[in-house]
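Listed below, chain by chain, are the residues.
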Amino acid sequence: MAPIDSDDNTTAGAGEELRPGRRKAARYVVPVTVMGVAAATIGLVPALADSGDPDLPKVTAEQLIEKIAKSDVQQLSGTVRISTDLGLPDLGGLESGLMSGMSGGPGSGGDDEGSAADPSAKLTELVSGSHTLRVAADGPDRQKVSLLEDAAEYSLIHNGKDVWGYDSKSNEVYHSTAPAPSDAAERPEKDVPATPKDFADQALAAIDDTTSVTVDGTAQVAGRDAYKLVVKPKQDGSTVGAITVAVDAETGTPLKFTLTPTSGGAAVVDAGFTKVSFAKPDASTFDFTPPEGAKVTEGDEADKAPEHGRKAPERGGKAEGDLAKGMDGLEVIGEGWNSIATFDTGGQGLPTAPAGGDLGDLGDLGGFLGSFGDQVKGDFGSGTVFKTRLVNALITDDGKVYAGAVTKDALVKAADAAK
């Protein structure tokens, strides 16, 4: 977490906004990061579930953010409940497959499809539906996340130099080597947020004058007394309604993270502990030996495996090079909650409707695109806006992409201004 700068004695009480003198005191909450979290894995249960409002000492918003930043919990275990409501159309589970493909995951297993235990594919299941996770941590070298499924379980274990993924349903194992502890920029295989702290770390990043930050009373989460930190955009045009983080009053650990959209309704992101302990987990929690008869895939082998039965693209090949070139040109326009990420794919736009027609004229493909995309026109030309309850993306017919936690109109305006 970023450091806290203390410029003056300006404070904000419960329900009072963090004033300008304190805005740079807490470098958290970047809307573009929120967009990235949403696109990768989002969503979760109702809003903060209170079982009473504990009587706690008053704190300011700045003090509570500083408490989160200074939290140094190394050991914990518990159960986390995650549910996703991005507002995607019902694609019969296809949305998880799409996310797996986008992440470069190897697919669902089989001799020609990599490993079903590869975390880059398995944890993308968190992008939709409701899930229960068991989590445990004992310092930077030992963590475990288990995704509980119907009559099955997927576990990701980091123990020292080893990272293991195990899918009990397919009896497949994925193994790779963790980066050296000195390389702080690297993390073992789990890029998908799985705990309230994961979400809070990515969302609480930079408060500026486009953001309102308040302390909105107290709550009990997983039997723990907590403060509620509420972050809201001041700007119009954002799809983010509010972010609420329940902060453990004793340790400063985020116990629940809730992101609600401006459109109202169920939370888009709401990850929370239902049970938590800060005692040292038993060392055996992180032990793992591949079961007898399990298929074991080494990480370097999975990188070379064909995806979904297709020939794997060569490293540095044209397709990969074109994509990398486009992402290298990534720019962020706008500011604060209205920030929009944009890049040029090099002319690789989406299929468009015939002249005088609509997406329905493209048959099944048109129906698929039209189920969650709107055709739009402007000074930039024409394109399709793909919508969720949080993240919207405009892909123009000539291959330019504009994406952010902003409204459709904001994306069209940004595309027009870029011409």
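The notes below deal with the structure included here.

What counts as what
- Residues numbered from 1 in each chain as written.
- Predicted model: local features only at pLDDT ≥ 70, side-chain atom pairs only at ≥ 80, totals over all residues.
- Heavy atoms only, no water.
- Helix = DSSP H or I, 4+ residues; strand = E, 2+ residues; numbered from the N terminus.
- Contact = heavy atoms within 4.5 Å.
- Areas by Shrake-Rupley, 256 points an atom, 1.4 Å probe, with all protein chains shown as cover.
- Pairing = 2+ DSSP bridges.
- Axes fitted to C-alpha atoms, helices over the stretch in contact; angles between N-to-C directions.
- Salt bridge = Lys/Arg side-chain N within 4 Å of Asp/Glu carboxyl O.
- Buried < 20%, exposed > 50% of the residue type's maximum accessible area, 1.4 Å probe, protein only.

1. Notes on the overall build of the protein
(1) Moving on: Helix and strand content of the protein: 10 helices and 18 strands.
(2) Moving on: For the protein, the share of sequence-separated contacts (at least 6 apart) that also reach a separation of at least 24 residues comes to 61%.
(3) Moving on: Within the structure as shown, the protein displays about 19,500 Å² of accessible surface, and the carbon and sulfur contribution to it stands at 49%.

2. Quick word on the sheet that holds strand 17 (residues 392-396)
(1) Moving on: Spatially, 13-14-18-17-16-15 is the arrangement adopted by the 6 strands of the open sheet, whose pairing is antiparallel. Two strands bound the open sheet, and with one partner strand each, they are strand 13 (331-333) and strand 15 (373-378). The average angle at which neighbouring strand axes cross in this sheet is 25 degrees, direction not considered.
(2) Moving on: The pairing of strand 17 with strand 18 (residues 400-404) spans 4 bridges and is antiparallel. Considered in strand 18, the bridge of I395 is made with V401.

3. Considering the pairing of strand 16 (residues 381-387)
(1) Moving on: The sheet contact formed by strand 15 and strand 16 spans 6 bridges and is antiparallel. Residue pairing across strands places V376 opposite G383, the latter belonging to strand 16.
(2) Moving on: Remark: 2 residues form the turn of the hairpin made by strand 15 and strand 16, two consecutive strands paired antiparallel.
(3) Moving on: With 5 bridges connecting them, strand 16 and strand 17 associate as antiparallel partners. The residue bridging V385 from the neighbouring strand is L394, located in strand 17.
(4) Moving on: Counting the residues that bridge the hairpin from strand 16 to strand 17 gives 4 residues.

4. Here we look at the pattern of salt bridges
(1) Moving on: Under the criterion given, the structure shown has 13 salt bridges.
(2) Moving on: The residue E153 makes a salt bridge to R134 at a minimum N-O spacing of 3.2 Å. Here the residue E153 occupies a position in strand 4 (residues 152-159), and R134 occupies one in strand 2 (residues 129-138), the gap between them amounting to 19 residues.
(3) Moving on: The class of E153 is partly exposed, set by a relative accessible area of 24%.
(4) Moving on: On the basis of relative accessible area, R134 is assigned to the partly exposed category, the value being 40%.
(5) Moving on: Between K400 and D344 there is a salt bridge, with the nearest N and O atoms lying 3.8 Å from each other. Separated by 56 residues along the polypeptide, K400 in strand 18 and D344 in strand 14 (residues 340-344) bring together distant segments of the chain.
(6) Moving on: Residue K400 is classed as partly exposed on the basis of its relative accessible area of 27%.
(7) Moving on: For D344, a relative accessible area of 37% puts it in the partly exposed group.
(8) Moving on: Salt bridges linked by common partners bring D138, R142 and K280 together as one network.

5. Points about unusual backbone geometry
(1) Moving on: One non-glycine residue, N171, lies in positive phi territory at about 55 degrees.
(2) Moving on: Following the sequence through the fold, N171 ends up in the loop between strand 5 (162-167) and strand 6 (172-177).
(3) Moving on: The residue A222 is not glycine, and still its phi comes out positive at about 55 degrees.
(4) Moving on: Following the sequence through the fold, A222 ends up in the loop between strand 7 (211-221) and strand 8 (224-233).
(5) Moving on: Given the relative accessible area of 25%, A222 is considered partly exposed.

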